[in-house]
Amino acid sequence: MTSPALAFDSSTFRRTLGMFATGITVITAQAKDGSLVGLTANSFNSVSLTPPMIVWSLGNNSGVREVLEHCEYYAVNVLADDQEALSNLFASKAADRFAGVDWEPGLGGAPVLAGCAAVFEVRNSLRYPGGDHVIFIGEVARCDRSEREPLLFFNGRYRKLAAL
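Residues numbered from 1 in each chain as written. Predicted model: local features only at pLDDT ≥ 70, side-chain atom pairs only at ≥ 80, totals over all residues. Heavy atoms only, no water.

Asker: Could you clarify how one ought to interpret helix α1 (residues 10–17) in this entry?
Answerer: Given 3.6 residues per turn, any residue in an α-helix points the same way as the ones three and four places further on. With zero of its eight residues buried, α1 lies for the most part at the surface. The distance from a side-chain oxygen at the start of α1 to the backbone nitrogen of Ser-11 is 3.3 Å, and the residue carrying that oxygen is Asp-9. (Buried < 20%, exposed > 50% of the residue type's maximum accessible area, 1.4 Å probe, protein only. Helix = DSSP H or I, 4+ residues; strand = E, 2+ residues; numbered from the N terminus. Polar contact = N/O pair within 3.5 Å; in protein donor to acceptor, adjacent residues only side chain to side chain.)

Asker: Help me understand the sheet that holds strand β1 (residues 22–23) in this model?
Answerer: Hydrogen bonding along the main chain pairs the strands of a sheet, whether they run parallel or antiparallel. Pairing is antiparallel across the open sheet formed by three strands, whose spatial order is β1-β11-β12. A single partner strand is all that each edge strand has here, and the edge strands are β1 and β12 (157–160). One ladder, built from two bridges, connects β1 with strand β11 (residues 151–154); its direction is antiparallel. Residue pairing in the sheet places Gly-23 in a bridge with Leu-152 of β11. (Pairing = 2+ DSSP bridges.)

Asker: Sorry if this is basic, but what is going on with the environment of Ala-5 here?
Answerer: Tracing the sequence through the fold places Ala-5 in the segment before α1. Taking relative accessible area as the criterion, Ala-5 reaches 77% and is therefore assigned exposed. With 140 residues separating them in the primary sequence, Ala-5 and Arg-145 have C-alpha atoms 45 Å apart.

Asker: What exactly am I supposed to notice about the side chain of Glu-121 here?
Answerer: Here Glu-121 shows up in strand β9 (residues 118–130). Not counting chain neighbours up to four residues away, the residues in contact with Glu-121 comprise Tyr-74, Gly-106, Leu-107, Val-112, Glu-139, Val-140, Ala-141 and Arg-142. (Contact = heavy atoms within 4.5 Å.)

Asker: Explain the side chain of Thr-28 here, please?
Answerer: Considering the arrangement of structural elements, one finds Thr-28 in strand β2 (residues 25–30). Among the polar contacts made by the side chain of Thr-28, one reaches the main-chain carbonyl oxygen of Pro-111 at a distance of 2.4 Å.

Asker: What am I meant to see in the nonpolar core here?
Answerer: Among soluble globular proteins, nonpolar side chains are generally buried collectively. Counting residues in hydrophobic clusters, the biggest one holds 17 residues, and the most contacted among them are Ile-27, Leu-39, Ile-54, Trp-56, Leu-68, Tyr-74 and Phe-136. Sorting the residues of this core by element identifies β2, β3 (36–41), β5 (53–59), β6 (73–78) and β10 (133–145) as the ones contributing at least two each. The contacts of Leu-39, once residues within four sequence positions are left out, are Thr-25, Val-26, Ile-27, Leu-58, Val-64, Leu-68, Phe-90 and Arg-97. (Core = buried A, V, L, I, M, F, W, Y, C linked by side-chain atoms within 4.5 Å.)

Geometric descriptors of this kind do not, in isolation, establish any biological role.
Quick look at the structure:
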């Protein structure tokens with residue numbers, strides 16, 4: 001059975017998705033050889049309160065996919081509203097994304113970034129194919145939050161919360 005032709009193109013789909021405001025995270029992990037990986041992601045969400053589970057997705061072509069598929073733990077660092085530079089750094093092709101970044105090792109050695117609005121330390125549980133992405137579902141082993149405001153992304157730009 002073939003799928004019907006889409007009434008929109010990928011550019012329209014991407015711009016339409018941009019109308020959903022999201023927080024910005026940096027997913028971090030330690031590879032088996034001790035090297036560190038990290039990337040900016042806004043495809044993060046909760047799945048379950050009992051047990052505590054989260055979901056996020058990673059492009060199939062990501063250079064860190066293999067490390068993230070095979071690590072025991074990873075950290076989801078929810079960026080604070082003054083951490084736009086960290087978001088840009090971990091979204092870049094920089095060779096050492098951790099140079100000059102303040103962090104401490106979490107579960108499994110996954111870097112927990114300093115100054116974030118929140119952090120989830122997650123056991124790498126389930127992975128599923130999802131089109132041009134891999135969908136990660138993980139069990140939260142530890143979490144913490146600060147009183148800092150989150151960094152947001154909406155309509156192609158970083159945003160900050162505003163009081164009403």
